[in-house]
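Here is how the chains run, residue by residue.
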Amino acid sequence: MSARTDLPVAERWYTVTPVDESLTLIQEPHVDPLLSANTWHLRGSRHDLLIDAGLGIASLREALPDLFGGREPIVVITHAHLDHMGSAHEFAECWAHPAEPVDVPGRGSLLPRVLNDALGGDPEEAAKLPPVLINALPTADYDPLAYQLHPVSITRQLREGDTIDLGDRQLRVLHLPGHTPGSIGLYDEDRRVLFSGDVLYDDELLDTLEGSDIGQYIATMKRLRRLDVDLVHAGHGGSFGAKRMHEIIDAYLLFRDGQESPESAVNAEVAGTPAAQ
């Protein structure tokens, strides 16, 4: 098998969009929507945070020297899928939940069928995707077949209730299993903002991959339904407010928890949801 040679070379691999004075959104526009994830750079008064780290097709650190040149960010990996931890190995501090296999090599590919075998996706859906999951090359000599997901050594294990202190703002770790065993979200209680990773975004939620657990996902969604949130910055797609967050959750619960209506989901008790370990 040979890599496609008809792909153009991208003028730049990443786009950088300031959201406010402290938050920046980093995206990879030449990646298929399946793997086109959001990376969030959050600047604090004492520490900077990088929430997820893209695919790692092109070096995140080298591509954005102005963003990272002043201060080394802490990288928090919301979960260990390739589109969220690809460039994490470029940074000294990488934090994640201990249930996520960030240190296991060989879990990534830009070829849909190979990736589907690794992640346990739907073969029929994989067959509908393009032959390679990018539509441009970062450099003229880049070989998509040579893509590797570099393993990462966790320098701090994050668990339910841990606090990430950036100086002028604190983020609380929420263990939100279901998409993966160690999926986490970061919750800024003062600002009522949630960084949700792949647990919650405005598209089809994936709960049947390798390591997914529908029962835990249902419990996680019930928990999030009661969380005081004004704004969600998700792992894919656009950000959204509380109304849309509730609509996404209610639709999921109605689909997966057939004996519950969205109204009963609103009133569900969070007691009995899996305790984060």
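The residue numbers shown here count from 1 along each chain, following its written sequence. The predicted nature of this model means local features are confined to residues of pLDDT at least 70 and side-chain atom pairs, given and counted, to a pLDDT of 80 or more, with totals for whole chains, interfaces and linings taken over all residues. Note: side-chain values were computed over all heavy atoms of the structure, leaving out hydrogens and water.

Notes on the sheet that holds strand β4 (residues 48-51)
The criterion, for reference: Paired strands, in this sense, are two strands between which DSSP finds at least two bridges. Note on conventions: DSSP H or I runs of at least 4 residues are helices, E runs of at least 2 residues are strands, and numbering of each starts at the N terminus.
With respect to topology, seven strands assemble into an open sheet ordered β1-β2-β3-β4-β5-β6-β7, the strand pairing being mixed. A single partner strand is all that each edge strand has here, and the edge strands are β1 (15-18) and β7 (156-157).

What to know about the packing of aromatic side chains
Our working definition: Aromatic pairs are defined between Phe, Tyr and Trp rings, using the six-membered ring for Trp, whenever the two ring centres lie within 6.5 Å; interplanar angles under 30 degrees are classed as stacked, those over 60 as edge-to-face, and all others as tilted. Using a 1.4 Å probe on the protein chains alone, a residue whose accessible area is under 20% of its type maximum counts as buried, one over 50% counts as exposed, and one in between counts as partly exposed. A positively charged side chain is recorded as over a ring if its NZ (Lys) or CZ (Arg) lies within 6 Å of the ring centre. The angle to the ring normal must also be within 35 degrees.
Overall, the coordinates contain three aromatic pairs when judged by the stated rule. For the ring pair W40 and F195, a centre distance of 6.1 Å and an interplane angle of 70° mean the geometry is edge-to-face. Here W40 is found in strand β3 (residues 39-43), whereas its partner F195 is found in strand β11 (residues 193-197), with 155 residues between them in sequence. In terms of burial, W40 and F195 fall into one category: buried. With centroids separated by 5.0 Å and ring planes inclined at 40°, the aromatic side chains of Y217 and Y252 adopt a geometry described as tilted. Placement of the pair is Y217 in helix α6 (residues 214-225) and Y252 in helix α7 (residues 242-256), with a sequence separation of 35 residues. Exposure class is identical for Y217 and Y252. Each is buried. Over the ring of W95 we find R156; its NZ or CZ atom is 4.7 Å from the centre of that ring.

Section: the sheet that holds strand β9 (residues 170-175)
Overall, mixed pairing links the six strands, which are arranged β8-β9-β10-β11-β12-β13 in an open sheet. The open sheet has two free edges, formed respectively by β8 (163-165) and β13 (240-241), since each of these has just one partner strand. Bridge analysis of strand β10 (residues 184-188) against β11 gives three bridges, and the strand direction is antiparallel. Residue pairing in the sheet places D188 in a bridge with V193 of β11.

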